[in-house]
Amino acid sequence: MDDKNTPLVIAIASGKGGTGKSTLSISLAMALADLGRRVAVLDANFELPSIATLLNISPTYTITDLIEGRQSIRDVIYNGPKGINFILGSSLPKPMRNLSAAHHFGIVNAFDTISKELDILIVDTAPGVNSSTLNFVRASQEVLVVTTSEPAAIASANVLINTLHRSYNLQKFRILINRVYDAYEGPKAFKTLEKLNFNNIEIFLTYAGHIHEHKS
């Protein structure tokens, strides 16, 4: 990015639930922290936030407090493992879930106040194609689409990619195949996704790799 004081915003998205997106967001943050990057993770799933549960954290303040203006960005930050800053989620009342695009950009832009202390912001979006996910992806510089090799997951990922392209002219997507059982499963699933977009020369898919299934 041109402004070295502006954190890189990476949206982690998936076409459906159950692909391991939130676990990946945490693991990616920890890996980047091990490389010396200053990282924050935003749980942007307003329906079923899961990062606090996965990390066994009970935050004093959540993203809801920031959205409703009760607390500042610094107040809602939870300092987690490896010095990672977490902005944890809570289920918003249904009338509040349909925030405007300006609200989503505002949430991301709130991190400008701590930009000198942050290199990368990871946004763990809600699964599926919904206005919240689409708007958070629009507010990001990079999008990593997480899927498994299951046909339904690949089809859902394809719907998400094409919706983002059709609605907002996004063209570049990094694809990660999660929960594979051997080294061939990931590239094979990626090629399936590539074939679905073979006739669309405006969509560029990059294989970000695969992660093996492991119970721990």
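A brief structural summary.

With that out of the way, let us pick up the packing of helix α5 (residues 131–138) against helix α6 (residues 151–168). Relative orientation of the contacting elements α5 and α6 amounts to 65 degrees, with a least axis distance of 11 Å. As judged from the angle between their axes, α5 and α6 are roughly perpendicular. Our pair here, α5 against α6, has a crossing hand that is right-handed. Contact with α5, carried on its side by Thr 133, Leu 134, Asn 135, Val 137 and Arg 138, involves Leu 160, Thr 163, Leu 164 and Tyr 168 of α6 and no other residues of that element. Of the residues belonging to the contact of α5 with α6, the class tally is five nonpolar, three polar and one charged.

Core analysis: the largest hydrophobic core is formed by 22 residues, its most contacted members being Leu 42, Ile 63, Ile 87, Ile 107, Phe 111, Leu 121 and Phe 136. For this core, the secondary structure elements donating two or more residues are β2 (39–44), α3 (63–67), α4 (101–109) and β5 (120–125). Contact partners of Phe 111, with chain neighbours within four places excluded, come to Ala 40, Leu 42, Ile 73, Ile 87, Leu 118 and Leu 121.

The next subject is the pattern of salt bridges. Overall, the coordinates contain eight salt bridges when judged by the stated rule. Arg 38 is the partner of Asp 119 in a salt bridge, and the nearest nitrogen-oxygen pair spans 2.9 Å. Taken together, the residues span a long stretch of sequence, with Asp 119 in the loop between α4 and β5 and Arg 38 in the loop between α1 (21–34) and β2 at a distance of 81 residues. The class for Asp 119 is partly exposed, based on a relative accessible area of 27%. Using a relative accessible area of 38% as the deciding quantity, one classes Arg 38 as partly exposed. Between Glu 213 and Arg 179 there is a salt bridge, with the nearest N and O atoms lying 3.2 Å from each other. Separated by 34 residues along the polypeptide, Glu 213 in the segment after β8 (204–212) and Arg 179 in strand β7 (residues 172–180) bring together distant segments of the chain. Classification of Glu 213 by relative accessible area gives partly exposed; the value is 31%. Judged by relative accessible area, Arg 179 falls into the partly exposed class, the value being 36%.

Within the element layout of this structure, Thr 147 appears in strand β6 (residues 142–147). Looking at Thr 147, the relative accessible area reads 1%, which means it is buried. A polar contact is formed between the side chain of Thr 147 and the backbone oxygen of Ala 153, at a distance of 3.3 Å.

Thresholds, definitions, all that
- Residues numbered from 1 in each chain as written.
- Predicted model: local features only at pLDDT ≥ 70, side-chain atom pairs only at ≥ 80, totals over all residues.
- Heavy atoms only, no water.
- Axes fitted to C-alpha atoms, helices over the stretch in contact; angles between N-to-C directions.
- Helix = DSSP H or I, 4+ residues; strand = E, 2+ residues; numbered from the N terminus.
- Parallel < 35°, antiparallel > 145°, perpendicular 65-115°, else oblique.
- Left-handed = near helix turned anticlockwise from the far one by under 90°.
- Contact = heavy atoms within 4.5 Å.
- Nonpolar A, V, L, I, M, F, W, Y, C, P; charged D, E, K, R; others polar.
- Core = buried A, V, L, I, M, F, W, Y, C linked by side-chain atoms within 4.5 Å.
- Buried < 20%, exposed > 50% of the residue type's maximum accessible area, 1.4 Å probe, protein only.
- Salt bridge = Lys/Arg side-chain N within 4 Å of Asp/Glu carboxyl O.
- Polar contact = N/O pair within 3.5 Å; in protein donor to acceptor, adjacent residues only side chain to side chain.

Purely spatial values, then, with no claim about function.
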